[in-house]
Amino acid sequence: MNFVSDFFWHSVLAALVATILFSLPGLGILRLLGLQKHWRSLSALLIAPALGLCTYGPFSLAFTALFGYSVVTLIVAWLLFQALVLLWLLRQPLSPATTEDFCNLSNKHSLLLFVGAAAWAIIPTINIFPALYQGGLFVNAPIFDHAKIAIVDAIAREGLLPINPYYAPEGEKIQLIYYYTWHFLASQLKL
């Protein structure tokens, strides 16, 4: 396989892992907040990843900051978060009268919204997708965020707090003074 094909399939795998990693906690939070009447509604599946990022993300950051950053601690953090949400749900079951009809779309409209969002997300991706030309690897100018790839890689390799991947005078390891919460979530996918 060549680089472009590998890049594509790794991107697909990362999207699938991210869907599971962030959607399942998001579904629990949606249910916990009373914003979902049915666990299987398509509109709930569309909002679940965002809720998972907003709730599980900070939890996993705090957990791995305390207990170290590795695949094992990420799995434990994810399972613990899921267990806490489940316990909270079991302690205070929501009655149908207290649930709110949140984003009540038909499955057809939810599917169209999902397809539209996916198509919209592909537009910026086209500009950064690598291409092989005359034996060289090229990317378009909009890949200015390539520097952030180094931050994600540094977190995945070295854990928290990340070491500066750009500046190391005389080999000295210097902690990165930069916001890195989004990078931390991306590094979870790499691990």
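Undergrad: Before we go on, may I ask you to explain the layout of surface pockets in this structure?
TA: Any empty space left between atoms is shown by rolling a water-sized probe over those atoms. The space that makes up the second largest pocket amounts to roughly 240 Å³. What lines the second largest pocket is simply Val 17, Ile 20, Leu 21, Tyr 56, Val 71, Leu 74, Ile 75, Trp 78, Gln 188, Leu 189 and Leu 191. Breaking the lining of the second largest pocket down by element, the ones donating at least two residues are α1 (3-32), α3 (71-91) and α6 (181-190). Residue contributions to the lining of the second largest pocket peak at 4 residues, all from α3.

Undergrad: What am I meant to see in the confidence of the model for the chain here?
TA: Interpretation of the predicted coordinates at a detailed level should be avoided for regions scoring low in pLDDT. On average, residues of the chain score 76 in pLDDT, and 71% of them are at 70 or above. Between the elements of the chain, mean pLDDT differs from a low of 66, seen in strand β2 (residues 136-138), to a high of 91, seen in α3.

Undergrad: I'm lost on a nonpolar patch on the surface in this one. Help?
TA: Side chains of Phe 8, Trp 9, Val 12 and Leu 16 sit close together on the surface and give an oily, nonpolar patch of about 380 Å² of accessible area. For Phe 8, a relative accessible area of 39% gives the class partly exposed.

Undergrad: Is there a simple way to explain the packing of helix α2 (residues 42-67) against α6 in this structure?
TA: A pair of packed helices is characterised by two quantities: the angle between their axes and the separation of those axes. Packing of α2 against α6 leaves a shortest axis separation of 10 Å and a crossing angle of 85°. Classified by the angle their axes make, α2 and α6 are roughly perpendicular. Touching Leu 53, Tyr 56, Gly 57, Ser 60, Leu 61 and Thr 64 of α2 are Thr 181, Trp 182, Phe 184, Leu 185 and Gln 188, all from α6. Classifying every residue of the contact of α2 with α6 gives 6 nonpolar, 5 polar and no charged.

Undergrad: Help me understand the environment of Pro 58, please; the structure alone is not making it clear to me.
TA: Tracing the backbone shows Pro 58 in helix α2. Pro 58 sits in the partly exposed class, given a relative accessible area of 44%. Along the sequence, Pro 58 and Thr 181 sit 123 residues apart, while their C-alpha atoms lie 8.1 Å from each other.

What counts as what
All chains use their own residue numbering, which begins from 1 and follows the written sequence. Only residues with pLDDT of at least 70 are given local features in this predicted model, and only at 80 or more are side-chain atom pairs given and counted; all residues enter the totals for whole chains, interfaces and linings. Side-chain numbers here rest on the full set of heavy atoms in the structure, without hydrogens or water. A 1.4 Å probe that fits into a set of points on a 1 Å grid over the protein atoms alone but cannot get out defines a cavity; an open set with protein on both sides within 12 Å along at least five of seven lines defines a pocket, and lining residues are those with an atom within 4 Å of a point. Grid points are joined across faces, edges and corners, and a volume is the space filled by probe spheres set on the points. What counts as a helix is a DSSP run of H or I of at least four residues, what counts as a strand is a run of E of at least two, and both are numbered from the N terminus. pLDDT expresses how confident the predictor is about each individual residue, on a scale running from 0 to 100. Only residues whose relative accessible area exceeds 30% and that form no salt bridge are eligible for patches; like-charged ones are grouped when within 9 Å, while nonpolar side chains (Val, Leu, Ile, Met, Phe, Trp, Tyr) are grouped when within 5 Å. In these tables, accessible area is a Shrake-Rupley quantity obtained with a 1.4 Å probe, and a residue counts as shielded only by the protein chains included in the view. Salt bridges are identified by distance alone: a Lys or Arg side-chain nitrogen within 4 Å of an Asp or Glu carboxyl oxygen. The rule is simple: take the accessible area with a 1.4 Å probe, protein chains only, and divide by the maximum for that residue type; under 20% is buried, over 50% is exposed, in between is partly exposed. In this analysis an axis means a line fitted to C-alpha atoms, helices contributing only their contacting stretch, and an angle means the value between N-to-C directions, from 0 to 180 degrees. An angle below 35 degrees is treated as roughly parallel, one above 145 as roughly antiparallel, one from 65 to 115 as roughly perpendicular, and anything else as oblique. By definition, residues are in contact when any of their heavy atoms lie within 4.5 Å. By the convention adopted, Pro, Cys, Tyr, Trp, Phe, Met, Ile, Leu, Val and Ala count as nonpolar, Lys, Arg, Asp and Glu as charged, and the other residues, Gly among them, as polar.

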